[in-house]
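# Coordinates in review
Now for the letters of each chain:
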Amino acid sequence: GALLILLLRGNDESADRKHFDAQRTSGNPDDLRGKILRIAPKSDGTYAIPSDNLYADGKGGKPEIFALGVRNPFRMAIDPKDGALYWGETGPDAKGESATQGPRGYDEINRATKAGNFGWPYCIADNKPYENYDFTTKKTSGKFDCAKLKNDSPNGSKKDLPAAEPAMIWYPYGKSTDFPAIPEQNGRTAMVGVVYRTNDGARAYPEYFDGKLIWWDWTRNRVWETTVDETNGKAVKINTFATGLEWASPIDMAVGADGAIYMLEWGKGGFNAKADGRLVRIEFSGK
């Protein structure tokens, strides 16, 4: 029972269950957990705070925080052209909607060009709000307002929070009506690879790939390339990347100086992978 509640929601304020309340961590600006942090290291071993961090002056929250309200960010990419940050976010396991607790679980691909609040544990996907559910009384007092959030948990900060930023891409276990290029499949583990920028390398991809976000789902063993509108930050089109290739649970990716993409694969079988992990070079064939 306890594990199931944790995977479904992150707002359990019941006595003696603070570890089930993400308002203590992700939604708490006075805590560094459940955040993406940004610092500027100095040569003497200390660091400075970038002036455009979310709480750069230290008022209202920890100055190191760049992104507040993240649940499980894993694998990031920075666009070398404009510095936009992308990351994959693994969502809760709820397979269906709940009338008393809120939306089903979604995995996300997020994009940030400035510091902000990305919603967890109050909102998910394109700012679908959870219910303000009381785990003791088993009643809800209504949906959270993603545009006007407040951490009022006894385990939290008792502070107003910035409005939640919606994800760029989101998808559930089932069919994605918002992004039909992502097929229905059991399992979700969204990860970001690279933002490809063409270079002068001997193995550089053609101009078509310039600016494409390449990402994958580790559990589903599928890889996509996505066209992003750099003006509004929206995903314009999602295509399967390198059609015809079989993957062995991608876990990391980088662009080499030669312009090729290098992928580290965990190995077939996911958590039960055998000793077949590998490092591969993906070249453009011209076809």
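Described below are features of the structure shown in this document. (Residues numbered from 1 in each chain as written. Predicted model: local features only at pLDDT ≥ 70, side-chain atom pairs only at ≥ 80, totals over all residues. Heavy atoms only, no water.)

### Describing the overall build of the protein
A count of helical and extended segments in the protein gives one helix and 22 strands. In summary, the protein has a C-alpha radius of gyration of 20 Å against a globular reference of 19 Å for 287 residues, a match within 12%. For the protein, the C-alpha atoms occupy an extent of roughly 60 × 45 × 40 Å along the three principal directions. Taking all 287 residues of the protein together, the buried fraction comes to 47%. A separation threshold of at least 6 residues defines the contact pool for the protein, and within that pool the share at least 24 residues apart is 55%. As displayed, the protein has an accessible area near 14,100 Å², and 51% of this comes from carbon and sulfur atoms. Counting 39 positive and 39 negative side-chain charges, the protein places the centres of these two groups 3 Å from one another. (Helix = DSSP H or I, 4+ residues; strand = E, 2+ residues; numbered from the N terminus. Rg over C-alpha atoms; globule rule 2.2 N^0.38 Å. Buried < 20%, exposed > 50% of the residue type's maximum accessible area, 1.4 Å probe, protein only. Contact = heavy atoms within 4.5 Å. Areas by Shrake-Rupley, 256 points an atom, 1.4 Å probe, with all protein chains shown as cover. Lys, Arg positive; Asp, Glu negative; His and termini not counted. Charge placed at Lys NZ, Arg CZ, Asp CG, Glu CD.)

### A look at the environment of aspartate 178
Looking at the secondary structure, you find aspartate 178 in the loop between strand 15 (169-171) and strand 16 (190-195). When the C-alpha atoms of aspartate 178 and lysine 128 are compared, they prove to be 13 Å apart, with 50 residues separating the residues in sequence. A distance of 3.0 Å separates the side chain of aspartate 178 from the side chain of tryptophan 170, its partner in a polar contact. (Polar contact = N/O pair within 3.5 Å; in protein donor to acceptor, adjacent residues only side chain to side chain.)

### Looking at the sheet that holds strand 20 (residues 250-255)
Pairing is antiparallel in the open sheet, where three strands are placed in the order 20-21-22. Of all the strands in the sheet, just strand 20 and strand 22 (278-282) have a single pairing partner and so form its edges. With direction set aside, neighbouring strand axes in the sheet form an average angle of 20 degrees. As judged from the five bridges shared by strand 20 and strand 21 (residues 261-265), these two strands associate in the antiparallel manner. By the bridge assignment for strand 21, aspartate 252 is matched with leucine 264. (Pairing = 2+ DSSP bridges. Axes fitted to C-alpha atoms, helices over the stretch in contact; angles between N-to-C directions.)

### Observations concerning the side chain of serine 249
Among the structural elements, serine 249 can be located in the loop between strand 19 (235-240) and strand 20. Discounting residues that sit within four places of it in the chain, serine 249 has contacts with Trp218, Asn221, Glu265, Trp266, Gly267 and Gly270.

### Section: the sheet that holds strand 19
Pairing within the open sheet is antiparallel, and its four strands lie in the order 16-17-18-19. Here the strands that pair on one side only, and so sit at the sheet edges, are strand 16 and strand 19. This sheet shows a mean twist of 30 degrees between the axes of neighbouring strands, independent of strand direction. Across five bridges, the pairing between strand 16 and strand 17 (residues 213-217) is antiparallel. Its bridge partner being in strand 17, valine 195 is matched across the sheet by leucine 213.

### What about the pairing of strand 19?
Where strand 18 (residues 222-228) meets strand 19, five bridges bridge the pair, whose relative direction is antiparallel. Looking across to strand 19, one finds that tryptophan 224 is bridged to threonine 240. The hairpin turn running from strand 18 into strand 19, its antiparallel successor, is six residues long, and glycine 233 in that turn takes a positive phi close to 75 degrees.

### Digging into the side chain of asparagine 28
Tracing the backbone shows asparagine 28 in the loop between helix 1 (2-8) and strand 1 (36-37). Non-local contacts of asparagine 28, meaning those with residues more than four positions away in its chain, are made with Gln23, Lys35, Leu68, Asn151, Asn155, Gly156 and Ser157.

### Brief notes about the nonpolar core
With 36 residues, the main nonpolar core has Tyr86, Ile109, Met168, Ile169, Ile182, Leu213 and Trp215 as its most contacted residues. In contact with isoleucine 109, other than residues within four places in its own chain, are Trp87, Gly88, Ala167, Met168, Ile169, Ala190, Met191, Val192, Leu213 and Trp215. By size, the runner-up hydrophobic cluster in this structure holds 17 residues, among which are Met191, Phe209, Ile214 and Val280. (Core = buried A, V, L, I, M, F, W, Y, C linked by side-chain atoms within 4.5 Å.)

### Some thoughts on the environment of valine 194
Relative to the assigned elements, valine 194 resides in strand 16. The spacing of valine 194 and proline 121 is 73 residues in sequence and 27 Å in space, taken between C-alpha atoms. Those residues within four positions of valine 194 in sequence are excluded, and the remaining contacts are Ala77, Lys212, Leu213, Ile214, Met253, Ala254 and Val255.

### So, unusual backbone geometry
Residues tryptophan 120 and proline 121 are joined by a peptide bond in cis, for which omega reads 10 degrees. Mapped onto the fold, proline 121 is located in the loop between strand 8 (116-117) and strand 9 (123-124). Within the chain, serine 249 stands out as a residue other than glycine whose phi angle is a positive 55 degrees.

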